[in-house]
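Secondary and tertiary structure notes
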Amino acid sequence: MKRGLAVGFVLSAVLAGSPAIADSSGCLTMPTLDSSHQSASLNLGSSVTAKSWTWQPGGDAESASLSPLGSKLSIVTGDLREIDFGILHWAIPQTKTLRDLSEDSDTALGALNGDYFDGNGPWNAMVENGQVSYSPPGRTGVVGMKHVKVDPAKGYRSTGTLTVGSRTYAVTGVNQASPGPESMVVYGAKSAIAVPPKGETTVVLKAGAIYKVYPSGASVNIKTGVVIQARGAIARRLAVLKVKTKAKLSLSRAPLYETRMAADSIRTVGTISNNSTTLTFDAVNYANLSTSGATLFDENFAGNPNRGSATLRIGLDNFGKYKVKNVYGSGASVTLLTGELILQANGASAISARKFRVGDVVTISAGYQALAKSTFLSAAGRGPRLVENGKFIWNCTNHTKDFRPRSAIGWDQDGRVWLAASSRGQDAADFGFRQGGSTADQMGHWLMSLGATDVVLLDGGGSTTMEIKNPAVGWQRFDIPDSAWYRELANGFSLQVKG
């Protein structure tokens, strides 16, 4: 897949506010993801799994507060310890089916449809390999994988062990804001959290031995000793430990950086400079030019960019430096050649563009400002938040209760990522308007039940599509049968093999 200009990022100093708690009085009941409705479970490799739950048309679905046409929830899950979060797309603004986008990737294991889109491309920006590869003018919402400098006191993922007698238990995190659904988090004397959140089982270590065991969990101050909070299967194993038994805790060194998921809003802040002039542009590869700004086009863009009031053609010389090859003072629709950049400018930006001369050596920066200071490695457009920092924030009374196919991404602080799609689960004669599925609030609550602390909604309806790379048969559609029609998409998200 093509990649954009090698550039860095710029961060804003504005922090996002705390989430409000939503009025959930109008939300529908969330059906339990019980074993009786589980319809598939596959291991895709690299810790990635695909599971689905199906409610049959009629009474089975209606009794679960779902569409009488039937509903299916499809989930692909991975762990950022072992996988990366990637963006799938064709040349902008071209569209392709998610199957084509998935098969074009050498590393993807599971994929979900991405952003809302129109003839100009996605509605929101894209970041790949830490670089802006696409951006409309203005601030747009994105979700993706970011690069984070670790503050050990505030928590990080960890590899380590707790050894008690002849048994060894795996540590999953240190000083984290909360233990995940299947986790064992250690809180030491330097933790920024004095009283860690209660787990399903709590163990306190002191002087090389088990000091306290709380089989039902407890809130314990770290002054008492090393506090271990566990949830899931490991919690049940720790619950039977005996007080005064010798114990040894071994933790790996805290990493300098780690990858985490985040939702944020970004805007492009780009410049092209020579010795005397700096021109600012605010969009990248966006087909519909703004009336007053400038847009930079690179080889991610297909076709000829629309004509601005002034146009610069920029290419690399024999020494790898960018030079102005042509200046079109009245603008021009020119062919974008491999390795070249085209800048189309209007308004005040066009006045600056006319000050450049053929042969000028230029410096180009195409960074972004992130509202919450996220440093994304990969990100693309999102819809509204459903869950933030463990709180359900979607206001059900202000949104539709229609059952439609829905797509969403959830994650937790421990590095787990969920791609989710709800659908009718069948290849139905729906005349291009897909029905069934779920409400948005049901999607958010489902993902919370699986352990997600944050959830964002994506494009849905006929765009909802999920693909998995089944080790037995290769790529297959997972939300509905392969025989169903596909909508071509502007981009998609993937869980992919690391590196």
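Quick look at the structure, then. (Residues numbered from 1 in each chain as written. Predicted model: local features only at pLDDT ≥ 70, side-chain atom pairs only at ≥ 80, totals over all residues. Heavy atoms only, no water.)

With that out of the way, let us pick up the sheet that holds strand E11 (residues 156-164). Judged by pairing direction, the sheet is mixed, and its 7 strands sit side by side in the order E15-E14-E16-E13-E12-E11-E17 without closing on themselves. The open sheet is flanked by strand E15 (209-214) and strand E17 (247-251), the only strands paired with a single partner. Averaged over all adjacent pairs, the angle separating strand axes in this sheet is 30 degrees, with direction ignored. Taken together, the 2 bridges between strand E12 (residues 167-174) and strand E13 (residues 183-187) define a ladder with parallel strand orientation. Each bridged residue has a counterpart across the sheet, and for Val-174 the counterpart in E13 is Val-186. (Pairing = 2+ DSSP bridges. Helix = DSSP H or I, 4+ residues; strand = E, 2+ residues; numbered from the N terminus. Axes fitted to C-alpha atoms, helices over the stretch in contact; angles between N-to-C directions.)

Mapped onto the fold, Met-30 is located in the segment before strand E1 (38-45). Classification of Met-30 as partly exposed rests on a relative accessible area of 24%. It is 29 Å that separates the C-alpha atoms of Met-30 and Ile-83, two residues lying 53 residues apart in sequence. Apart from residues no more than four positions distant in its own chain, Met-30 is found in contact with Gln-442, His-445, Trp-446 and Ser-449. (Buried < 20%, exposed > 50% of the residue type's maximum accessible area, 1.4 Å probe, protein only. Contact = heavy atoms within 4.5 Å.)

Before going further, it helps to examine helix H5 (residues 440-450). Those residues of H5 that sit buried are Ala-440, Asp-441, Gln-442, Met-443, Gly-444, Trp-446 and Leu-447. Among the residues trailing H5, Gly-451 stands out with phi positive, at a value near 120 degrees.

Right, let's get into the sheet that holds strand E27 (residues 385-388). Spatially, E1-E2-E3-E30-E29-E31-E27-E28 is the arrangement adopted by the 8 strands of the open sheet, whose pairing is antiparallel. Only two strands of the sheet have a single partner each, and these edge strands are E1 and strand E28 (391-392). Sheet topology places E27 next to strand E31 (residues 454-457); 2 bridges connect them, and they run antiparallel. Pairing of Arg-385 across the sheet is with Val-456, part of E31. Set on the sheet, H5 makes contact with strand E2 (48-55), strand E3 (71-79), E27, E28, strand E29 (406-411), strand E30 (416-423) and E31; between it and E30 the angle comes to about 145 degrees.

Below, the discussion takes up empty space enclosed by the protein. One pass over the full model with this rule turns up 2 cavities of 30 Å³ or more. Roughly 80 Å³ of internal volume is contained in the largest cavity. Of the residues contributing to the lining of the largest cavity, the split by class is 5 nonpolar, 4 polar and 4 charged. Forming the boundary of the second largest cavity are Trp-90, Ala-91, Ile-92, Pro-93, Gln-94, Gly-121, Pro-122, Met-126 and Ala-490. Class assignment for the residues of the lining of the second largest cavity results in 7 nonpolar, 2 polar and no charged. (1 Å grid on protein atoms, 1.4 Å probe; cavity = no way out; pocket = protein on both sides within 12 Å on 5 of 7 lines; lining within 4 Å. Points joined across faces, edges and corners; volume = space filled by probe spheres on them. Nonpolar A, V, L, I, M, F, W, Y, C, P; charged D, E, K, R; others polar.)

Right, let's talk about the pairing of strand E34 (residues 492-497) for a bit. Within E34, 5 of the 6 residues are buried, which leaves the element mostly enclosed by the surrounding structure. Bridge count between strand E4 (residues 83-88) and E34: 6 bridges; the pairing is antiparallel. When the sheet's bridge partners are listed, Gly-86 is paired in E34 with Ser-494. Pairing analysis gives 5 bridges linking strand E5 (residues 108-113) to E34, with the strands arranged antiparallel. Within E34, the position partnered with Gly-110 by the bridge is Leu-495.

Now for the nonpolar core. Val-76, Phe-85, Met-261, Ile-409, Leu-419, Phe-493 and Leu-495 are the most contacted members of the largest nonpolar core, which has 40 residues in total. Discounting chain neighbours no more than four positions away, the residues touching Leu-419 are Ser-74, Ile-75, Val-76, Phe-85, Gly-110, Ala-111, Leu-112, Ala-408, Ile-409, Met-466, Phe-493 and Leu-495. In terms of nonpolar packing, the next biggest core, distinct from the first, is built from 29 residues, Ile-272, Leu-296, Ile-314 and Tyr-368 among them. (Core = buried A, V, L, I, M, F, W, Y, C linked by side-chain atoms within 4.5 Å.)

Within the secondary structure, Arg-477 is located in strand E33 (residues 474-477). Arg-477 gets classed as buried once you look at its relative accessible area, which sits at 4%. Polar contacts involving the side chain of Arg-477 include one to the main-chain carbonyl oxygen of Thr-464, which spans 3.2 Å. Contact partners of Arg-477, with chain neighbours within four places excluded, come to Arg-99, Arg-434, Thr-464, Thr-465, Met-466, Glu-467, Asp-482, Ala-484, Trp-485 and Tyr-486. (Polar contact = N/O pair within 3.5 Å; in protein donor to acceptor, adjacent residues only side chain to side chain.)

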